[in-house]
Amino acid sequence: MNIPGFDHRQLSLGKILCIVLIVFIGLYFRINAVTNTYVDVPLRADAYDYYKYAVNLKLNHTYSRSEPYGDDIQPDAIRTPGFPFLLYAFVKWPPDDSVLFNINIFQALLGVLTIIIAYQLYSRFLSFWFASAAALFTAISPHLISFTTYCLTETLFTFLVCLIAWLLSLAMDKKNTLLFLLAGGIIAYSALTRSTMDFFLVFFICFFILQPELSKYRKKIIPLFIGFLLVFAPWQVRNHLSLDVIKDDTLAINFIHHGMYPSFMYENNKASRGFPYHFDPESEKISSSMQSTLTELYKRYRADKAVYLKWYLLDKPREFFSWGLINGWRDIFVYPTPRSPYYTKSSFKYSYTIMWWLHPMLMVFSIISCVLVWLPAVARQFPESAITTCRLLSVFIIYFILLHMVGAPFPRYSVPLRPLNYGMAIFLLAFCTKIFRSYFSRYRAAH
């Protein structure tokens, strides 16, 4: 059956060229960003930790963020090894500009591959032109482009999120055990890249179980779980053998601690916005354990319930999807970036302006779609595979919203969701177009 709004026919040459053009645009922006951006001290804070882990793995065969030239290199598990594993092929000590350039070029190519996978994902629930629009947004997103110039997890994690969504969509459509197994392994690797993915598999399994129409997939939970364990379990075994713990909870404590300050400020001090924990004299005591963090949070909630309820239930989701990286340097830049094509090149300035103006609408539209796709009246308007894919994307977005309502909703953490946001935002436009066409057709028939 031919469903209006969905083009299942083979792509014409013109459409293939359109896709190639979008990919080329994504490549142009990323390569230009890498070659024309200067980051002041690129290996600092998180980036320096990741680099040290990779160097110690390569030179000292120890997973540690100790200084590689030190005499006492102690293993730890504060940061997960997904990104250091990627850096392993590039690093050397001491680092130099050529190493960082090679890392960033690789990330630029990974970003281009993300565009291709994102288009494949979009084409599962959008017509060609709608899917192309979402892919174009992914190609010119200033946040996705700027992160290719930093030695940070965002580019890799964005790729993994898109890959997981695409693989799961294919796996459910084809009921393919191998695809479920592979998707489970990629989910595990994404959890080793960003620990915020630790609970996604459980959340996704609940999505399986609670949907009667997905009962035919429930047996596929087993290979999904096996794939996850095959990749994730060795990390936990290593931690148990080397450190006598399954997981270091330092980052989890910080995640909750850094998110407890309303409006990201300590006692409404505007100078503290983005880094309130640096201004709180009790920070060290609060972050000493998970129990002390939760105890202090409850104490502050009891002292001002209205403010904290508003912060956790309303303001956190808004902050999470806001444009500026408030815990970074400024705007779309994480670390001080004195030189960038976004300051000088017209193509970068124009694309930035377009995306800046569209950003609030795209984020709001994507959230609306996350609700709409669960309504039976909406679901009946689309093929089963299309609505299943949309619901899958909504699960990703809702999961991260809920997670960051608990912890720190820094906008930086929402950047890897951008391709999913763009796809879901365009879905709302596709749905509205579909409804309008249906209404117009009935109107013409009646007159």
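Residues numbered from 1 in each chain as written. Predicted model: local features only at pLDDT ≥ 70, side-chain atom pairs only at ≥ 80, totals over all residues. Heavy atoms only, no water.

Enquirer: Explanation requested: helix α2 (residues 45-60) in the structure shown.
Expert: Given 3.6 residues to a turn, an α-helix orients residues that are three or four positions apart in the same direction. The terminal C-alpha atoms of α2 lie 21 Å apart, and with 16 residues this matches the ideal 22 Å at 1.5 Å per residue to within 8%. Ala47, Asp49, Tyr50, Tyr51, Lys52, Tyr53, Ala54, Val55, Asn56 and Leu57 are the residues of α2 that are buried. The inward-facing, buried residues of α2 contact α3 (82-87) and α4 (97-122). Just downstream of α2, His61 is the residue with a positive phi angle, here 55 degrees. (Helix = DSSP H or I, 4+ residues; strand = E, 2+ residues; numbered from the N terminus. Expected span 1.5 Å × (residues − 1). Buried < 20%, exposed > 50% of the residue type's maximum accessible area, 1.4 Å probe, protein only. Contact = heavy atoms within 4.5 Å.)

Enquirer: Would you mind showing me how to read the packing of aromatic side chains here?
Expert: A complete count under the given rule lists 37 aromatic pairs for this structure. With centroids separated by 5.1 Å and ring planes inclined at 25 degrees, the aromatic side chains of Phe228 and Phe232 adopt a geometry described as stacked. Of this pair, Phe228 and Phe232 both sit in helix α10 (residues 221-243), four residues apart, which is roughly one turn of the helix. Residue classification places Phe232 among the buried positions, given a relative accessible area of 11%. Centroid distance Phe264 to Trp311: 5.2 Å. Interplanar angle 80 degrees. Geometry classified as edge-to-face. With Phe264 in the loop between α11 (250-258) and α12 (283-286) and Trp311 in helix α14 (residues 305-320), this pair connects stretches of sequence that are 47 residues apart. (Phe/Tyr/Trp six-rings, centres within 6.5 Å; stacked < 30°, edge-to-face > 60°.)

Enquirer: For this particular structure, what's the right way to read the confidence of the model for the chain?
Expert: Looking at the chain as a whole, its pLDDT mean stands at 93, while 97% of the residues score no less than 70. Averaged over each element, pLDDT in the chain is lowest for helix α9 (residues 200-209) (85) and highest for helix α6 (residues 142-146) (98). With pLDDT under 50 throughout, residues 1-9 is counted as low confidence; its partners more than four residues away or in other chains account for twelve contacts. (pLDDT = per-residue confidence, 0-100.)

Enquirer: I tried to follow the environment of Leu403 on my own but got confused; where do I start?
Expert: Mapped onto the elements, Leu403 comes out in helix α18 (residues 384-406). Counting along the chain gives 204 residues from Leu403 to Phe199, while the straight-line C-alpha distance between them is 9.3 Å. Setting aside its immediate chain neighbours within four residues, Leu403 contacts Thr196 and Phe255.

Enquirer: I tried to follow helix α16 (residues 346-372) on my own but got confused; where do I start?
Expert: With 27 residues, α16 ought to run about 39 Å at 1.5 Å a step, and its terminal C-alpha atoms sit 38 Å apart, in line with that. The largest bend in α16 amounts to roughly 45 degrees and is located at Leu358, with the proline Pro360 lying one to four residues further along. Among the residues of α16, Phe348, Ser351, Tyr352, Met355, His359, Leu362, Met363, Ser366, Ser369, Cys370 and Leu372 are the ones counted as buried. (Bend = angle between axes of the 7 residues up to and from the residue.)

Enquirer: What am I meant to see in unusual backbone geometry here?
Expert: Residues apart from glycine generally show negative phi values, whereas peptide bonds are mostly found in trans. Of note, the amide linkage connecting Trp93 to Pro94 takes the cis form, showing an omega dihedral of -5 degrees. On the secondary structure map, Pro94 appears in the loop between α3 and α4. Backbone geometry at Ala45 places phi at a positive 50 degrees, although glycine is not the residue there. Counting through the fold element by element, Ala45 comes out in helix α2. Positive phi is not limited to glycine here, since Lys175 has a value of about 55 degrees.

Enquirer: Looking at this structure, how should I read the pattern of salt bridges?
Expert: Think of it this way: side chains of opposite charge can pair up when their charged atoms draw near. Counting across every chain of the model gives 17 salt bridges. Asp49 is paired through a salt bridge with Arg79; the nearest N and O atoms lie 3.0 Å apart. One end of the pair, Asp49, is in helix α2; the other, Arg79, is in the loop between α2 and α3, with 30 residues separating them in the sequence. One exposure class covers both Asp49 and Arg79, and it is buried. The shortest N-O distance in the salt bridge between Arg124 and Asp173 comes to 2.9 Å. Within this pair, whereas Arg124 is found in the loop between α4 and α5 (128-140), its partner Asp173 is found in helix α7 (residues 154-174), the two being separated by 49 residues in sequence. Take Arg124: its relative accessible area is 17%, and that puts it in the buried class. (Salt bridge = Lys/Arg side-chain N within 4 Å of Asp/Glu carboxyl O.)

Enquirer: Before we go on, may I ask you to explain a nonpolar patch on the surface in this structure?
Expert: Taken together, the side chains of Leu178, Leu181, Ile222, Ile226, Leu230 and Val231 make up a nonpolar region of the molecular surface, amounting to roughly 550 Å² of accessible area. Listed by contribution, the elements that provide at least two residues to the nonpolar patch are α8 (177-193) and α10. Considering every element that reaches the nonpolar patch, the biggest residue donor is α10, with four residues. Relative to the helices and strands, Val231 resides in helix α10. (Patch = residues over 30% accessible without salt bridge, like charges linked within 9 Å, V, L, I, M, F, W, Y side chains within 5 Å. Areas by Shrake-Rupley, 256 points an atom, 1.4 Å probe, with all protein chains shown as cover.)

Enquirer: Honestly, the environment of Glu296 in this entry has me stumped. Any pointers?
Expert: By the element assignment, Glu296 lies in helix α13 (residues 290-303). Residues Glu296 and Val23 lie 273 residues apart in sequence; the distance between their C-alpha atoms is 49 Å.

Enquirer: Explain the side chain of Arg412 to me, please; I cannot follow it from the model alone.
Expert: Here Arg412 is to be found in the loop between α18 and α19 (418-446). Apart from the residues within four sequence positions on either side, Arg412 is in contact with Asp46, Phe147, Leu152, Glu154, Arg194, Leu325, Asn327 and Val334.

Enquirer: Honestly, the state of the cysteines in this entry has me stumped. Any pointers?
Expert: In total, this model carries zero disulfides according to the counting rule given. Distance from the sulfur of Cys18, which forms no disulfide, to the nearest cysteine sulfur (Cys162) is 18 Å. Residue Cys18 is classed as buried on the basis of its relative accessible area, which comes to 18%. Cys390 supplies the cysteine sulfur nearest to Cys370, a cysteine that is in no disulfide, at a spacing of 9.5 Å. (Disulfide = S-S within 2.5 Å.)

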